[in-house]
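# Structure assessment
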Amino acid sequence: MAVERTLSILKPDATKRNLTGAINKVFEDAGLRIVAQKRVRLTQDQAGAFYAEHKARPFYGELVSYMISEPVVVQILEGENAVLKHRDVMGATDPAQAAEGTVRKLYALSKGENSVHGSDSAESAAREIGFFFAQSEIPG
């Protein structure tokens, strides 16, 4: 198994409800380590660029508006097979379909306000980490 890094975002519904520590405890208990972290308030341009792949989808405007509505926590998680492990621990996008004990089952409000984002592949993780973090902010 390979040690990987992945991007994790604690979304506006999570930061607004002060769930940062509780959510990160679930990730850490699953064996993921937070190696870099910052709280940011995304601009419309940043959120639009980050979710550009969804621009043609009907929910794009709502997603961008949601992501700029409150601060978010962007972080780099590290661990064995971190991308897949993080996605498993997050749970299904729709909290009604998420497995017991997953972040979305525990904390998400709805399919749209689902508390967390995680990279879907190693390639996406590298691109997404580079979007939010300068090389000088990423340890070793």
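The present account deals with the structure reproduced in this document.

Cut-offs applied
One numbering rule holds for all chains: residues counted from 1, following each sequence as written. Note on the predicted model: pLDDT of at least 70 is required for a residue's local features to be given, and 80 or more for side-chain atom pairs to be given and counted; whole-chain, interface and lining totals, by contrast, use all residues. Hydrogen atoms and water are omitted, and side-chain values are computed over all heavy atoms in the structure. By definition, a salt bridge exists where a carboxyl oxygen of Asp or Glu is found within 4 Å of a side-chain nitrogen of Lys or Arg. Each helix corresponds to a stretch of at least 4 residues labelled H or I by DSSP, and each strand to a stretch of at least 2 residues labelled E; elements are numbered beginning at the N terminus. A simple rule labels every residue: compare its accessible area, found with a 1.4 Å probe on the protein chains alone, to the largest value its type can have, and call it buried under 20%, exposed over 50%, or partly exposed in between. This arc is built from the directions going out from the helix axis to the C-beta atoms. By definition in these notes, contact holds between two residues if any of their heavy atoms fall within 4.5 Å. Under the pairing criterion, centres of Phe, Tyr and Trp rings, with the six-membered ring standing for Trp, must be within 6.5 Å; the plane angle then separates stacked pairs below 30 degrees from edge-to-face pairs above 60, leaving the rest tilted. Should the NZ of a Lys or the CZ of an Arg lie within 6 Å of a ring centre and within 35 degrees of the ring normal, that charge is described as sitting over the ring.

Taken as a whole, this structure holds six salt bridges when the rule is applied. Salt-bridge contacts for E78 lead to R5; the nearest nitrogen and oxygen are separated by 2.8 Å. With E78 in strand 3 (residues 72-80) and R5 in strand 1 (residues 3-10), this residue pair connects regions lying 73 residues apart in the sequence. A relative accessible area of 25% places R5 in the partly exposed class.

One turn of the α-helix equals 3.6 residues, which is why residues spaced by three or four share an orientation. Buried within helix 4 (residues 60-67) we find Y60, L63, V64, Y66 and M67. When helix 4 is viewed along its axis, its buried side chains cluster within an angular range of 160 degrees and face the same direction. Of the surrounding secondary structure, the elements contacted by the buried residues of helix 4 are strand 1, helix 1 (12-16), helix 3 (44-50) and strand 3.

This structure, assessed with the given rule, holds four aromatic pairs. Their ring planes at 70 degrees and their centres at 4.9 Å tell us that F131 and F132 sit as a pair that is edge-to-face. By way of ring pairs, the aromatic residues F50, Y51, F131 and F132 are connected into one cluster. When the ring centre of F133 is taken as reference, the NZ or CZ atom of K38 above it lies at 4.9 Å.

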